[in-house]
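# Summary of the model geometry
Residues per chain are reported as follows:
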Amino acid sequence: MDFRVLGALEIQTGADRVTVPGARHRRVLACLLLSPNSVVPLPKLIEATWDGEPPATATKQIQNCVSVLRERLGDAKQQLIVTDGSGYRIAVDHRQVDWLRFADAVAAARQSAEAGALAEGVEKVRSALRLWRGPVLDGLDAAALAGRAARLEEQRLDAVELCIDWQLKLGQHREVVDELGAIVEEHPLRERPYAQLMLALDRSGRQADALAVFQRLRTQLAEELGVDPGAEVRRLHEQILRGETEQPAVAEPVRAERPSSQLDRAAEELAAAIVRQWTAETEIRSLHRPEPVPLTWTSTERPVAAAAPAVLGRPGDPDRLTFSGDLTDVVAKFRQVPARQLVVLGEPGAGKSVLAILLTLGLLADPPPGEPVPVLLPLSSWNPREEHLHGWLARRLAEEYPGLANTGAYGKGAALRLVLEGRIIPVLDGLDELAPGLHTAAIDALDQAVSGGRPLVVTCRSTEYEAAVEQSGTFLSRAAVVEIEPVETEDAIDFLTARQRFGETRWDPVVRQLRRQPESPLAQALRTPLMVDLARTAYAHPSTDPGELCDPTRFPDRAAIEGHLLDEYLPVVYTSRPAPPARLDRPTRPRDYPAEQAQRWLSFFARQLERDQSRDLAWWQLDRAVPRLVLGLCLGLPPALLFALTGWIAAGPVIGAIYGLSFAVAGCVTHTVGSRPGPLRVEARFRGTAGRFLRRFAVGVLIGVCLGLAWSLSAGVIALLAVVFGLAIGVHVWLDTPLEASRVSSPASVLRNDRAATLSFTLSFIVSLGLFYGMAFAFTKETRFLGVFNDHYDLALAFAGGLASALLGRFLVRSPGSLAYGLAGVLIGGQVFSRASSTAQAVAAGVVFGLAVGLSVWIARAWGAYTFSRLWLASRKRIPLDLMGFLDDAHRRGVLRQVGEVYQFRHARLQERLAADPA
């Protein structure tokens, strides 16, 4: 049986045509065919059947229509139109519905083109386009189905434009001119066909006609929208004027083109990385299991938005913008805004983050030529008073996608150039997560950064955004501001009951109360997607009774219900379940965590994040949870003990005490007051590093020579030290930025990379400085330069030691480290004592000194401080010992979400609830 919607609705069985008796029957069937193999609830069928107010008997009439359709289609066993819960589902495969065959054919054409067979791709698209017999559902006139029909028409136009792109690459310029002329007549504001027509005319030797097409487009856009053509069309116009449009070779098929520049390649690989990153996150969050909670949005009524003429660029429009939609059309509506600037408001749990994720993926699913790459980033780490938006965006891009720092592949400063050249669409989630005092500054900085018409998406809680705008009067002057509406009762019911088994009645009391008492505390609580999702999660097990939510004694108000659902969430997701078969790369069985223990640990993290006014749970910031004095002692004393042992071995307990106390004070002060550098996002790379290795090797040689001369070593020993220091410093170039921009940082990968870098640095310092100290102790000529205190202290040696230690301290913790370790180096470097009496004494002193320096380097890096902090907090039962394993498990359970290199609580409300938990 063949169902056809690409034109008038038709049903074909072999050579015969099945007639559908009436308009209502055709609308019901059309609604089912536009969502094949998916349940269409009765309310949606009713809406599609009656454009206005449905009759009281609408449900019964829909049931009658379905019965008639089953009879006409020979579906006596109800295997074609299936009753499924509170709706119906038409069970068909892709070969039975023409619009599904069309989509499959276009996808196959894309694969052929990507393999280099452009001519084959053209033929497949042309064959697919022959399935269209006219407008979708021609003559049906169902307003509720118009949106879906428009999206299918958009797919047809995209396929035509894609096919013409390939024909232009094949040199078929004259063949497409007439077709493109008809398209621009039918769609006068669609820029891509104009660009194709200009190119086809120019390559056909009709340059004047091509330029006239551009003038026509510019006039049309100016009169209708008050905007200029896009950058791609303007660039093509300039190329035509200069006669620089390329003539492709026609003799052989053109294989898929490589990016025309390094920045093009960076943008392309960045887009691929973002798709993988957020597709994986939607799977973990079960957003398509079977569908996310329905979200609808409309232009906000709050006084926070610009007037419609400013947003749409049409002076004659009414002042108030009327803009609305849902998750299915948010991408199309976003592209309709001339400046492509959108602010999404909503109450806590309204689904702002979900909308941001799906908008990002939707924009990447089928981008028009030249559209920037959407990049979803949480705003919580931005300080608009200290960092320009563009600088912050570039820094965050380089952190999330470290391959962008690969200058060989993408050129210098690729992340910053992507931002400055308008190659990304910032999708910034959580303006309200900035410190309250920064809200107004952030809105002003955002408006200033995008005032030239750059695209932008921002999400924020409604109350916080309104308060910030009212306080300063600043708002985004060209952005459409929409607000997510409460979840409709029927949508909540559909979501709650979507996964219940046939005959299951557990949700019936909830359904009845939602329908009969739309203002009850339960109905009020279930107006946000967060609470609807938590309700289904909390009562997913068949042994639970969701009907208890209807008890007014136990749950007298909305807050009581919301608190209960938040409290029930963790016990449910930490219920012990059989583990799936072990992965080959992870043979150990996943660990089960008791719910009470998991909640205690998660509450600790939530309180820490609330204290820091942050959403980002970063492993390298774990030391913030340790009291500063404790942290200073934990990180400063262990190396000091080794330094003390070094002095004892070299010259007895007095020198040992001087060594130990000097470095104990330096280490404790440095780690109490200073802030260590963040983690390194690197990987081992050897190719293309020879030049930088030689430069660093030369620096190391210079350091070795200077130290050798200061301690009066022989030429042979100095040469050996020079080679050792050169190698120790040179090997660091082998830890370089990742090769590809398609690499997405994750907490585990950042930890792994920083651990490799830390071990490399530690080992190089142990070898170089340990060897230096041992040799200086064994082979010094004991030359005295500026002796004081009866030659027990030498000022020249003190200066040399202080300089070397200051450089070490700067490497460890910047400015406080330079001063603290520099003073310690002055104290110990000037100590004068006899050289080693034996080889064993020199070796022992050199080994211990090297270990002391190496330990100082290790604990000053992010991984080293994390290790000490984790051990201290785990000993106090604040966190698990295997912290990364626990966080990864919480991510897989859906408690946390992964945003690049950090974790965040999946729901801000959950973080706030756990932070209030005294456990």
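Residues numbered from 1 in each chain as written. Predicted model: local features only at pLDDT ≥ 70, side-chain atom pairs only at ≥ 80, totals over all residues. Heavy atoms only, no water.

## Observations regarding the overall build of the protein chain
This is how the line gets drawn: The secondary structure listing takes helices from DSSP runs of H or I that are at least 4 residues long and strands from runs of E that are at least 2 residues long, numbered from the N terminus. Burial classes follow relative accessibility: with a 1.4 Å probe on protein chains only, a residue under 20% of its type's maximum area counts as buried, one over 50% as exposed, and anything between as partly exposed. For this analysis, residues touch if any pair of their heavy atoms sits within 4.5 Å. A 1.4 Å probe and the Shrake-Rupley method give the accessible areas. Residues count as covered only by the protein chains that appear here.
Along the backbone of the protein chain there are 35 helices and 19 strands. Looking at the protein chain residue by residue over its 919 residues, the buried ones come to 53%. Taking all contacts inside the protein chain whose residues are at least 6 apart in sequence as the whole, residues at least 24 apart take part in 76%. Counting every atom, the protein chain has about 41200 Å² of accessible surface; 56% of that belongs to carbon and sulfur.

## Details of the packing of aromatic side chains
We apply this condition: Any two of the Phe, Tyr and Trp rings considered here, Trp counted by its six-membered ring, make a pair once their centres fall within 6.5 Å; the pair's planes then place it as stacked at under 30 degrees, edge-to-face at over 60, or tilted in between. Either the NZ atom of lysine or the CZ atom of arginine qualifies as a charge over a ring when it sits within 6 Å of the ring centre and within 35 degrees of the ring normal.
If you walk through the whole model with that rule in mind, you get 15 aromatic pairs. Ring geometry for Phe102 against Trp132: centres 5.7 Å apart, planes inclined by 80°, an arrangement best described as edge-to-face. With a gap of 30 residues between them, Phe102 in helix α4 (residues 98-114) and Trp132 in the loop between α5 (118-129) and α6 (146-169) connect regions that are remote in the sequence. For the pair shown, Phe102 and Trp132 are each scored as buried. Here the aromatic residues Phe643, Phe663, Tyr773, Tyr821 and Phe849 are joined through ring pairs into a cluster of three or more. The ring of Trp132 has Arg156 sitting right over it, with the charged end atom 5.8 Å from the ring centre.

## Focus: the pairing of strand β2 (residues 10-13)
Rules: Any two strands between which DSSP finds at least two bridges are classified as paired.
Relative to β2, strand β1 (residues 2-4) runs antiparallel, the two sharing 3 bridges. Paired with Phe3 across the two strands is Ile11, which belongs to β2. Connecting β1 to the antiparallel partner β2 that follows it, the hairpin turn spans 5 residues, and Gly7 within it adopts a positive phi of roughly 135°. In this sheet, strand β3 (residues 16-18) lies alongside β2 in antiparallel orientation, the contact comprising 3 bridges. Residue pairing in the sheet places Thr13 in a bridge with Asp16 of β3.

## Some details on the UniProt feature "transmembrane region" (unreviewed entry) in the protein chain
Rules: UniProt positions are given in the numbering used here, feature names are shortened, and annotations may be inferred rather than shown by experiment.
The UniProt record annotates "transmembrane region" (unreviewed entry) at residues 693-711, 717-735, 756-775, 795-812, 819-836 and 842-868. Split by type, residues 819-836 is 61% helix and 0% strand. Its first and last C-alpha atoms lie 30 Å apart. Secondary structure across residues 842-868 divides into 96% helix and 0% strand, with the first and last C-alpha atoms of the span separated by 31 Å.

## Description of the packing of helix α7 (residues 173-186) against helix α8 (residues 191-203)
Under the convention used in this document: Axes here refer to lines fitted to C-alpha atoms; in helices the fit is confined to the stretch in contact. Angles between the N-to-C directions go from 0 to 180 degrees. Put simply, a crossing is left-handed when the front helix is turned counterclockwise from the back one by less than a right angle, and right-handed when it is turned clockwise. When residues are sorted by character, Ala, Val, Leu, Ile, Met, Phe, Trp, Tyr, Cys and Pro go into the nonpolar class, Asp, Glu, Lys and Arg into the charged class, and all the rest, Gly among them, into the polar class.
Look at α7 against α8: their axes get within 9 Å of each other, and the N-to-C directions meet at 145°. Where α7 crosses over α8, the two elements pack in a sense that is left-handed. Contact residues: α7 offers His173, Val176, Val177, Leu180, Gly181, Ile183 and Val184, while α8 offers Pro193, Tyr194, Gln196, Leu197, Ala200, Leu201 and Arg203. When its residues are assigned to classes, the contact of α7 with α8 shows 10 nonpolar, 3 polar and 1 charged.

## Thoughts on the pattern of salt bridges
Pairing is possible between side chains of opposite charge, provided their charged atoms come close. Rules: The term salt bridge refers to a pairing of a side-chain nitrogen on Lys or Arg with a carboxyl oxygen on Asp or Glu at a separation within 4 Å.
Applying the stated rule across the entire model yields 39 salt bridges. For Arg235, the salt bridge goes to Glu232, with nearest N and O atoms at 2.4 Å. Of this pair, Arg235 and Glu232 both sit in helix α10 (residues 231-242), 3 residues apart, which is roughly one turn of the helix. Looking at Arg235, the relative accessible area reads 38%, which means it is partly exposed.

## Description of the pairing of strand β9 (residues 341-346)
Within β9, 6 of the 6 residues are buried, which leaves it mostly tucked inside the rest of the structure. By the alternation rule, side chains of β9 split into Gln341, Val343 and Leu345 and Leu342, Val344 and Gly346, which are all buried. Bridge count for β9 against strand β13 (residues 480-484) is 4 bridges, and the pairing is parallel. Its bridge partner being in β13, Leu342 is matched across the sheet by Ala480.

## Topic: helix α25 (residues 595-611)
Stated precisely, the cut-off is as follows: In this analysis, the expected span of each helix is defined as 1.5 Å times one less than the number of residues it contains.
Spanning 17 residues, α25 covers 24 Å between terminal C-alpha atoms, matching the ideal 24 Å at 1.5 Å per step. When we look at burial in α25, the residues that qualify are Ala595, Ala598, Trp601, Leu602, Ser603, Phe604, Phe605, Ala606, Gln608 and Leu609. On its buried side, α25 packs onto α24 (558-573), α33 (862-875), α34 (883-893), β19 (902-905) and α35 (908-915).

## Some words on the environment of His94
By the secondary structure assignment, His94 is in the loop between β6 (87-90) and α4. Residues contacting His94, with those up to four places away along its chain left out, are Leu100, Arg101 and Asp104.

## Focus: the state of the cysteines
Where we set the bar: Criterion for a disulfide: a pair of cysteine sulfur atoms within 2.5 Å.
Evaluated as defined, the whole model comprises 0 disulfides. Here Cys668 stays free of any disulfide, with the sulfur of Cys634 as its closest cysteine sulfur at 9.3 Å. The exposure class of Cys668 is buried, given its relative accessible area of 14%.

## Details of the nonpolar core
Basically, it comes down to this: To define a nonpolar core, start from buried Ala, Val, Leu, Ile, Met, Phe, Trp, Tyr and Cys residues and group those joined through side-chain atoms within 4.5 Å.
Tyr465, Leu565 and Tyr574 are the most contacted members of the largest nonpolar core, which has 154 residues in total. Looking at which element gives the most residues to this core, the answer is helix α14 (residues 352-365), with 9 residues. Residues within four places of Leu565 in sequence aside, it is in contact with Leu526, Met531, Leu534, Ala535, Ala538, Tyr539 and Leu549. If you look at the next biggest cluster of nonpolar residues, it comprises 81 residues, including Leu45, Ile164, Phe214 and Leu225.

## With respect to the environment of Ala778
You can see Ala778 is positioned in helix α30 (residues 747-779). Look at Ala778 and you get buried, because its relative accessible area is 18%. Those residues in contact with Ala778 that sit more than four places away from it in its chain are Arg835, Ala836 and Ala842.

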